[in-house]
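# Descriptive structure summary
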Amino acid sequence: MSGGPPKALPSTGPHSLRDMPHPLAGSSSEEAVGGDSTPSPDLLMARSFGDKDLILPNGGTPAGTSSPASSSSLLNRLQLDDDIDGETRDLFVTVDDPKKHVCTMETYITYRITTKSTRVEFDLPEYSVRRRYQDFDWLRNKLEESQPTHLIPPLPEKFVVKGVVDRFSEEFVETRRKALDKFLKRITDHPVLSFNEHFNVFLTAKDLNAYKKQGMALLTRVGESVKHVTGGYKLRSRPLEFAAIGDYLDTFALKLGTIDRIAQRIIKEEIEYLVELREYGPVYSTWSALEGELAQPLEGVSACIGNCSTALEELTDDMTEDFLPVLREYILYSDSMKNVLKKRDQVQAEYEAKLEAVALRKEDRPKVPADVEKCQDRMECFNADLKADMERWQNNKRQDFRQLLMGMADKNIQYYEKCLMAWESIIPLLQEKQEAK
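Residues numbered from 1 in each chain as written. Predicted model: local features only at pLDDT ≥ 70, side-chain atom pairs only at ≥ 80, totals over all residues. Heavy atoms only, no water.

Where an unreviewed UniProt entry is consulted, the chain appears under the name Sorting nexin-30, with the organism given as Chrysochloris asiatica. Per UniProt, the comment on the chain under Subunit (unreviewed entry) is "Heterodimer; heterodimerizes with SNX4." Its UniProt record gives the chain the following Subcellular location (unreviewed entry) comment, quoted word for word: "Early endosome membrane". (UniProt positions renumbered as here; feature names shortened; annotations may be inferred.)

If you want it as structure tokens, here you go:
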């Protein structure tokens, strides 16, 4: 693998963040910290988070644009926009082909990871490796260790209720495959995380166990030392912009959690209703055997209820496989962002504690120590990276929820149209009987 500096992505993020030597990278060199090359966080975040960004997406058409003729046309337009953005990318990763492995001690699922890239960091243009869930978990932990100032995408929850969810069923495995695929694509699209050495190893190494056995990274020890230094210091207050982000994340997670719980109840009730429909329809069919003139209409009702049952089953599956996973991903996303905010607070608390220690020294012209300047540089890097990732997350969220809500509207329209067509098909049968009389 090439050891050269990573090249900037042409279409994403403030490129200087990646090129800038990071104070949290564990370097002992003075050149690795701060300096004139450090961009101002204000310049990096020309677009601040206004009130318009701190609301749940409503799926509406932005002002000044024409409303599409149908929801499907909006979905097509959004997908087309994605394809246009993809033309500038130089790294593509997919997760597919899940396989079940039965061993003496355990049974597990692996997924094929296919990588295609023109980056110099990759020795080959294409790689294909197999990974299991715990390998994805290792990657995420390594990203958190090595990139503490950045928002790391969440993984699907590992916990499965035994006896309730079969983690080896085709439905569950496919749902998890989609989530793992999205996890890697989130990293691939990030202008900093996509160049991480651990991500490179995850995508290319045939045997990942050798890398997984390595000891705790230096940055983990640095993070622990920060916690130790700031353990007895109380942070004065977050800057207003970060306090607003924290409040928004609390409200956002609360709203999504409520929607998730209600959606699960709706799905449960739909499944119970589906069971009743499947018992309800055949009754009309058996009844028709006892009737002469009503036999055909009764058979029609039975077939109609069967069609409605099929339509309801499809709607329920769509909510379970497409709607709920997005809600849960963004609930986990908000938790990840809160963790980054806490790390930022720790660095700010360390900086404030060092400043107070300097101020207590009785000197006419106290000189700011180098460690205080380094701490200030770390805080500025945290602020810049966090704001850049928050803006990227907001953009992804708006697009994801537009597609999600438009897709949900389409599925509900299709469901009611199928039910309407089924019931309308009975009317001619009843009208024929009435005319015969």
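A few words on unusual backbone geometry. If you check the backbone angles, Asp97 has positive phi at about 50° while not being a glycine. The residue Asp97 is located in strand 1 (residues 91-102) in this model. A relative accessible area of 28% means that Asp97 is categorised as partly exposed. (Helix = DSSP H or I, 4+ residues; strand = E, 2+ residues; numbered from the N terminus. Buried < 20%, exposed > 50% of the residue type's maximum accessible area, 1.4 Å probe, protein only.)

This next bit is on the packing of helix 9 (residues 240-288) against helix 10 (residues 295-360). Two elements in contact, helix 9 and helix 10, have axes whose closest approach is 8 Å; the angle formed by their N-to-C orientations is 165°. Looking at the two axes, helix 9 sits roughly antiparallel to helix 10. The handedness of the crossing between helix 9 and helix 10 comes out as left-handed. Its residues assigned to classes, the contact of helix 9 with helix 10 comprises 31 nonpolar, 11 polar and nine charged. (Axes fitted to C-alpha atoms, helices over the stretch in contact; angles between N-to-C directions. Parallel < 35°, antiparallel > 145°, perpendicular 65-115°, else oblique. Left-handed = near helix turned anticlockwise from the far one by under 90°. Nonpolar A, V, L, I, M, F, W, Y, C, P; charged D, E, K, R; others polar.)

What follows deals with helix 5 (residues 170-188). Helix length check: helix 5, at 19 residues, gives a terminal C-alpha distance of 27 Å against a target of 27 Å (1.5 Å per residue), a fit within 8%. Of all the residues in helix 5, the buried ones are Phe172, Val173, Arg176, Arg177, Leu180, Asp181, Phe183, Leu184, Arg186, Ile187 and Thr188. Against the buried residues of helix 5 lie strand 1, strand 2 (107-117), helix 4 (133-146), helix 6 (197-204), helix 10 and helix 11 (370-424). (Expected span 1.5 Å × (residues − 1). Contact = heavy atoms within 4.5 Å.)

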